[in-house]
Protein chains: 2
Amino acid sequence: MRTITHYFSILTRSLALVTLLALGVPTQAQVDPLPAWNDGAAKQAIIDFVTNTTAEGGPNFVPPAERIATFDQDGTLWVEHPMYSQVMYVLESVPALVKARPELAKVAPYSIVLEILKGDRTAVEKLTLPDLEQLAMATLTGMSVDAFSAEARKWLAEAKDPRWKKPYTELTYLPMQEVLTYLRASGYKTYIVTGGGQDFVREYSEAVYGIPPEQVVGSAVGTSYGYDKDGKPLLTKEPKLLVNDNNAGKPEAIHLMIGRQPQIAFGNSTGDQQMLEYTKAGDGARLSLLVLHDDAKREYAYGPAQGLPPTKVGTFTQELYDKAKKDGWIVISMKDDWKKIFAFD
Amino acid sequence: MRTITHYFSILTRSLALVTLLALGVPTQAQVDPLPAWNDGAAKQAIIDFVTNTTAEGGPNFVPPAERIATFDQDGTLWVEHPMYSQVMYVLESVPALVKARPELAKVAPYSIVLEILKGDRTAVEKLTLPDLEQLAMATLTGMSVDAFSAEARKWLAEAKDPRWKKPYTELTYLPMQEVLTYLRASGYKTYIVTGGGQDFVREYSEAVYGIPPEQVVGSAVGTSYGYDKDGKPLLTKEPKLLVNDNNAGKPEAIHLMIGRQPQIAFGNSTGDQQMLEYTKAGDGARLSLLVLHDDAKREYAYGPAQGLPPTKVGTFTQELYDKAKKDGWIVISMKDDWKKIFAFD
């Protein structure tokens, strides 16, 4: 019976499609693919790009297999202020680390972190970059890939952003989610290319962005293959950075992990410059875009481009802004281009 | 007009499908998916694996997104004897290198290679492993990614295997091509996981195996991002091994590049052992398989497993054979399990 029902379902759907087409009902292309965007140059550039690169027989047609879209994550797909979520994970993992190794409680930088966690959790400026690197290696390596995965999942399920009181995974930008969906519906393979940890982002990329783990390119430490006490294979995360997926490291990692030059790329800071240059350097219709955080009310405002307040987290310099304008990249104004910022707005 | 034709084509195909289904014409599942295989344990194990992991509601069902299949290349998907194709590329690139830098002509190992190329081109045992590494770095690095790509493509189009007098890219095993097609038709994403150079294999993987560059995991040197004299971005291949995709390096690279444990994996030598262990260690129905080259007449015979002649190229030890038998891996006998070896047979 199931089989007959199945065939009947195919028949019905086929006929329904034919009927719709015959009646000239608007097809996908005529429905606004980006309803959370205000009309303007940014929205139009994205729609034009998709239209041009998918128009069969057109001068800028890109074969489906070559349709690669890359997205920075922090500040491009989700909130990165006041501090990157993964840095919060690192800091909030310190108490468990100190519990396991009490001798660390009085040793910097662990002692500093314990102080920070008592008060303003975002006061990470007390930590130097070498401090942060030491903390990252201590909390992100030395365990099996599976043990890390379990820890990260637990934290992601429980941790909340202090301003919105919501899980970090809900703080994704609705307009960018629409772009991901629109590009995928247009045959693009969507990749995250992030300075964040590859293993960390892979824990939620599929649920949050519809991006499977194999399409997450991030900073990565090496692993070493071995066996547990029962002889079962396991991979251990080693304190050795293999891929630093920032700045020039982004195109290098794209070549390593994807092997194709993206057709379209989105970023929001100086760390994305080389990825956007690399994308734009390809033949045909290529599009590079930068999200400018200029909406202090609905999200945050930082630059220092265009006189916005300077920041160390997701720096967008005036130099980068000028380069974008000169080279035909699109600067997306969160304030002007985005009708809604979050799905829960 | 094109649009109407297009709709009509959809209608025709839909009706044709419905007609076929109504007539009870055998569907895909009833057609032999592996006609170049003889009936036997190996063929049956592959069919059972696919049937079990794709049976919705069954105990071993694997969601489509998690269906990952990994294949070693040399000796598993195509001929590796008497010498890996990429080593032939390295050796045959030496004359051009010496032409550009004549001072190398009298320096070992370049001088040895020039001698080899005059006579028996497979007499590479005259070269030590450090020699080969030096030659590989000299011929595979130091140029832009695009320049390497052009060189590799040119060689692949011209070079011929000395025994079959055919391009190396035609020496793929028909039974394995059928497995690739069968797995993809069953929702599996097929990956190459090779000790060979990632950039080299990516040049032909799509045309030869239907595997896109982003699904090729191989040994890889680092690249460095920079600009040419006109300021155009380019990536230069650096003489620094970043990923050594052999032995324990295979599961490590699978984690780095894919981030999922394979459901099924194919290899043919000791260099694949860890990948096959790692695959088999996952939950549910996992399958690990090894191709045994025991067909001196139609291809080559080497082991030393099962008393076959020993070799340094694609070594399959008795220890590996015994482990396979003990752990429920499948050993594929080229002689007994493969009805045809090449499409041109």
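Topic: the relation of the copies chain A and chain B
Logical step 1: Once turned by 180 degrees and shifted 0.0 Å along the axis, chain A lies on chain B with an RMSD of 0.0 Å. The superposition of one copy onto the other is thereby described by a two-fold rotation axis.
Logical step 2: Looking at chain A, 100% of its interface residues are interface residues in chain B too, so the copies touch through the same face.

With respect to the sheet that holds strand 2 (residues 189-197) of chain B
Residues and elements named next belong to chain B.
Logical step 1: Taken in spatial order, the 7 strands line up as 4-3-2-1-5-6-7 in an open sheet, and their pairing is mixed. Since the sheet does not close on itself, it has two edges, and those belong to strand 4 (233-243) and strand 7 (330-333), each with one partner. Mean inter-strand twist for the sheet, computed between neighbouring axes without regard to direction, equals 35 degrees.
Logical step 2: In this sheet, strand 5 (residues 264-267) lies alongside strand 1 (residues 68-71) in parallel orientation, the contact comprising 3 bridges. Within strand 5, the position partnered with Phe 71 by the bridge is Phe 266.

Thoughts on the pairing of strand 4 (residues 233-243) of chain A
Residue and element names in this part refer to chain A.
Logical step 1: One ladder, built from 7 bridges, connects strand 3 (residues 216-227) with strand 4; its direction is antiparallel. Opposite Ser 224, over in strand 4, you have Thr 236 as the bridge partner.
Logical step 2: Connecting strand 3 to the antiparallel partner strand 4 that follows it, the hairpin turn spans 5 residues, and Gly 231 within it adopts a positive phi of roughly 85 degrees.

Section: the interface of chain A and chain B
Logical step 1: Opposite the 43 residues of chain A that make contact, chain B presents 44 residues.
Logical step 2: When chain A packs against chain B, the two sides together hide about 3,800 Å² of surface, and 61% of this comes from carbon and sulfur.
Logical step 3: Contact with chain B buries area across many residues of chain A, yet Glu 214, Tyr 225 and Leu 256 of chain A alone supply 17% of it, more than any other trio.
Logical step 4: Put simply, chain A and chain B have 6 salt bridges between them.
Logical step 5: Across the pair Lys 189 of chain A and Glu 214 of chain B runs a salt bridge whose closest N-O atoms are separated by 2.9 Å.
Logical step 6: Inspection of the region where chain A meets chain B yields 23 residue pairs in polar contact (both at pLDDT 80 or more).
Logical step 7: Secondary-structure elements contributing two or more residues to the side of chain A that touches chain B are helix 1 (2-23), strand 2 (189-197), helix 9 (198-202), strand 3, strand 4, helix 11 (249-257) and helix 12 (273-280) of chain A.

Overview of the environment of Ala 138 of chain A
Logical step 1: Along the polypeptide, Ala 138 of chain A turns up in helix 6 (residues 129-140).
Logical step 2: Since its relative accessible area comes to 21%, Ala 138 of chain A is described here as partly exposed.

Here we look at the packing of helix 3 (residues 85-92) of chain B against helix 7 (residues 145-158) of chain B
Residue and element names in this part refer to chain B.
Logical step 1: Axis separation between helix 3 and helix 7 bottoms out at 11 Å; the angle between their running directions is 105 degrees. Our classification of the angle between helix 3 and helix 7 gives roughly perpendicular. Packed against helix 3, whose contacting residues are Ser 85, Met 88, Tyr 89 and Glu 92, the element helix 7 presents Phe 148, Glu 151, Ala 152 and Trp 155 at the interface.
Logical step 2: Taken together, the residues of the contact of helix 3 with helix 7 sort by class into 5 nonpolar, 1 polar and 2 charged.

Criteria and cut-off values
Residues numbered from 1 in each chain as written. Chains lettered and ligands numbered in written order. Predicted model: local features only at pLDDT ≥ 70, side-chain atom pairs only at ≥ 80, totals over all residues. Heavy atoms only, no water. Least-squares fit on C-alpha atoms with pLDDT ≥ 70 in both. Contact = heavy atoms within 4.5 Å. Pairing = 2+ DSSP bridges. Helix = DSSP H or I, 4+ residues; strand = E, 2+ residues; numbered from the N terminus. Axes fitted to C-alpha atoms, helices over the stretch in contact; angles between N-to-C directions. Buried area = accessible area lost by both parts, 1.4 Å probe. Salt bridge = Lys/Arg side-chain N within 4 Å of Asp/Glu carboxyl O. Polar contact = N/O pair within 3.5 Å; in protein donor to acceptor, adjacent residues only side chain to side chain. Buried < 20%, exposed > 50% of the residue type's maximum accessible area, 1.4 Å probe, protein only. Parallel < 35°, antiparallel > 145°, perpendicular 65-115°, else oblique. Nonpolar A, V, L, I, M, F, W, Y, C, P; charged D, E, K, R; others polar.

Function cannot be inferred from these measures alone, as they are strictly geometric.
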